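# Structural overview
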Amino acid sequence: MHYITEILPSLLSGAGMTLQIFLWTLVGSLPLGLILSLGLISNIKPLQWLINFYVWLMRGTPLLLQLIFVFYGLPLIGLVFPRYEAALFAFILNYAAYFAEIFRGGLQSIDNGQYESARVLRLSYAQTIRKIVIPQVVKIVLPSVGNEVINLIKDSSLVYVIGLGDLLRAGNVATARDVTLVPLVLVAVLYLLLTAVTTFVLRQIEKRYSYWK
């Protein structure tokens, strides 16, 4: 217990970085994914092709490779990001692609009759999307979005590759220094706690929308 109390502050500090990456990625990628999904179902073919290529690229290459490319590769063409900003940039671009596909599926599941009814009521396209379509899409895609949110907690550990002091890096440093697996066990416990809390919040949100069953 004495050893645990000694290393816990550094692990909690790392967990703080993990939470920052997690929260800011959601703030950036969810709205971006929704915007991209509207482009995916638009009638503008060049825009569709461009977004489809972006989604294919982001989903078809590992997030770890994207992190390395953003931090170490982009400076070769003059684009330099600090470590934290590089991590956020890569994570937001990656998860926006996944959310775009999820939202696209939700948008395409809405019956065309609802759009026609909205036109009869003289609602604009923006009003139709905001007041009629999006509330239904949120209900439909919540389970899929929830899965990606849980994955994001675990994927945040990849930031170690560019030297950010997240939870896993803090555990690895303590393990290498003290030659014991106790720090990694604590890291696993903290990740389980984070996923448990996130799962609980997601379940509550799903219950909030359950009245549309």
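Predicted model, so just to flag it, every value in this text is computed and none were measured.

About the criteria used
- Residues numbered from 1 in each chain as written.
- Predicted model: local features only at pLDDT ≥ 70, side-chain atom pairs only at ≥ 80, totals over all residues.
- Heavy atoms only, no water.
- Helix = DSSP H or I, 4+ residues; strand = E, 2+ residues; numbered from the N terminus.
- Buried < 20%, exposed > 50% of the residue type's maximum accessible area, 1.4 Å probe, protein only.
- Contact = heavy atoms within 4.5 Å.
- Areas by Shrake-Rupley, 256 points an atom, 1.4 Å probe, with all protein chains shown as cover.
- Lys, Arg positive; Asp, Glu negative; His and termini not counted.
- Charge placed at Lys NZ, Arg CZ, Asp CG, Glu CD.
- Salt bridge = Lys/Arg side-chain N within 4 Å of Asp/Glu carboxyl O.
- Core = buried A, V, L, I, M, F, W, Y, C linked by side-chain atoms within 4.5 Å.
- Expected span 1.5 Å × (residues − 1).
- Arc of directions from axis to C-beta.
- Axes fitted to C-alpha atoms, helices over the stretch in contact; angles between N-to-C directions.
- Parallel < 35°, antiparallel > 145°, perpendicular 65-115°, else oblique.
- Left-handed = near helix turned anticlockwise from the far one by under 90°.
- UniProt positions renumbered as here; feature names shortened; annotations may be inferred.

Of the regular secondary structure elements, the chain holds eight helices and zero strands. Each helix and strand of the chain, placed in order from N terminus to C terminus, yields the pattern α-α-α-α-α-α-α-α. Structurally, the chain occupies a C-alpha span of about 70 × 45 × 20 Å along its principal axes. With 213 residues in all, the chain has 39% of them scored as buried. A separation of at least 24 residues holds for 76% of the contacts in the chain among residues at least 6 apart in sequence. Entry remark: accessible area of the chain is about 12,100 Å², with carbon and sulfur atoms responsible for 68%. A gap of 10 Å separates the mean positions of the 16 positive and 10 negative side-chain charges of the chain.

Considering all chains together, one arrives at three salt bridges under this definition. Between Glu101 and Arg59 there is a salt bridge whose closest N-O contact spans 3.6 Å. Linking Glu101 in helix α4 (residues 83-108) with Arg59 in helix α2 (residues 45-60), this pair joins segments that are 42 residues apart in sequence. Judged by its relative accessible area of 41%, Arg59 is partly exposed. The partner of Arg104 in a salt bridge is Glu101, with the nearest N and O atoms 3.1 Å apart.

Glancing now at the nonpolar core. Within soluble globular proteins, side chains that are nonpolar tend to cluster in buried spots. By size, the foremost hydrophobic cluster in this structure holds 45 residues, and its most contacted members are Leu11, Ile21 and Phe91. Among the elements that make up this core, the one with the highest residue count is α4 (ten residues). Not counting residues up to four positions away in its chain, the partners in contact with Ile21 are Tyr84, Ala87, Leu88, Phe91, Ser156, Val159 and Leu164. Counting residues in hydrophobic clusters, the runner-up holds nine residues, among them Leu40, Ile51, Val55 and Ala96.

With that settled, consider α2. Between its terminal C-alpha atoms α2 stretches 22 Å, which fits the 22 Å expected from 16 residues at 1.5 Å a residue. For α2, the complete set of buried residues consists of Gln48, Ile51, Tyr54, Val55 and Met58. Seen end-on, α2 carries its buried residues on one side only, within an arc spanning 130 degrees. Along α2, the residues that are exposed and aim more than 90 degrees away from the buried face are Pro46, Trp49, Leu50, Trp56 and Gly60.

So, about the packing of helix α3 (residues 63-73) against α4. Remark: α3 packs on α4, axes separated minimally by 9 Å, with the N-to-C direction vectors making an angle of 135 degrees. In this view, α3 runs oblique relative to α4, as classed from their interaxial angle. Classified by chirality, the crossing of α4 by α3 is right-handed. On α4, the residues that touch Leu63, Gln66, Leu67, Val70 and Phe71 of α3 are Arg83, Ala86, Ala87, Phe89, Ala90, Phe91, Asn94 and Tyr95.

Tracing the sequence through the fold places Thr128 in helix α6 (residues 125-155). Assessed through its relative accessible area of 5%, Thr128 is described here as buried. For Thr128, the contacting residues outside a window of four places in its chain are Tyr115, Ala118, Leu123 and Val133.

Right, let's get into the UniProt feature "domain: ABC transmembrane type-1" (unreviewed entry) in the chain. Mapped onto this numbering, the UniProt entry annotates "domain: ABC transmembrane type-1" (unreviewed entry) at residues 15-202. Across residues 15-202, helical content stands at 81% and strand content at 0%; the span's end C-alpha atoms are separated by 20 Å.

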